[in-house]
Amino acid sequence: MAVGVPLIISNTTIDRQYFPPSVVQFFQAGDEVDLAAKMLALYRSPQARARLVEAGFVFMEEHNWGSKKDLYFQL
């Protein structure tokens, strides 16, 4: 995400908790066919890739050390 690569991640409970679907592409955990389909879909859609990259940069700006360190120190 930090280097401008759209992420395709498994739809585990923890990943769904941290990442909204507007920021990453989810695939069915343990389903390599679904992973391949999601990879091909992004490969074929420059607009979808660009959308995920942009959303990823925004997400990183909002969830980086500088913006969250006070929260972490309070824990």
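This text goes with the structure placed above it.
Below you will find a few notes about this structure.

Rules used throughout
Residues numbered from 1 in each chain as written. Predicted model: local features only at pLDDT ≥ 70, side-chain atom pairs only at ≥ 80, totals over all residues. Heavy atoms only, no water. Helix = DSSP H or I, 4+ residues; strand = E, 2+ residues; numbered from the N terminus. Buried < 20%, exposed > 50% of the residue type's maximum accessible area, 1.4 Å probe, protein only. Areas by Shrake-Rupley, 256 points an atom, 1.4 Å probe, with all protein chains shown as cover. Lys, Arg positive; Asp, Glu negative; His and termini not counted. Charge placed at Lys NZ, Arg CZ, Asp CG, Glu CD. Core = buried A, V, L, I, M, F, W, Y, C linked by side-chain atoms within 4.5 Å. Contact = heavy atoms within 4.5 Å. Phe/Tyr/Trp six-rings, centres within 6.5 Å; stacked < 30°, edge-to-face > 60°. Lys NZ or Arg CZ within 6 Å of the ring centre and 35° of its normal.

### Some thoughts on the overall build of the protein chain
Along the protein chain, the regular secondary structure elements total four helices and two strands. In the protein chain, the order of α-helices and β-strands from amino to carboxyl end is β-α-β-α-α-α. Reported as C-alpha extents along the three principal axes, the dimensions of the protein chain are approximately 40 × 25 × 15 Å. By the burial criterion, 21% of the 75 residues in the protein chain qualify as buried. For the protein chain, the exposed surface amounts to about 5,400 Å²; the carbon and sulfur share of it is 60%. Separation between the mean location of the 7 positive side-chain charges and that of the 8 negative ones in the protein chain comes to 4 Å.

### Details of the nonpolar core
The biggest cluster of nonpolar side chains holds seven residues, and these are M1, I9, V23, V24, F26, A55 and F59. Contacts of V23, omitting those with residues within four sequence positions, involve M1, L52, A55, G56 and F59.

### Description of the packing of aromatic side chains
Inspection of the entire model under this criterion finds three aromatic pairs. Consider the rings of W65 and Y72, whose centres lie 5.9 Å apart with planes at 25 degrees: the pair is stacked. Site record: aromatic cluster; members linked through ring pairs are W65, Y72 and F73. The positively charged end of R16 is found above the aromatic ring belonging to F26, 4.1 Å away from the centroid.

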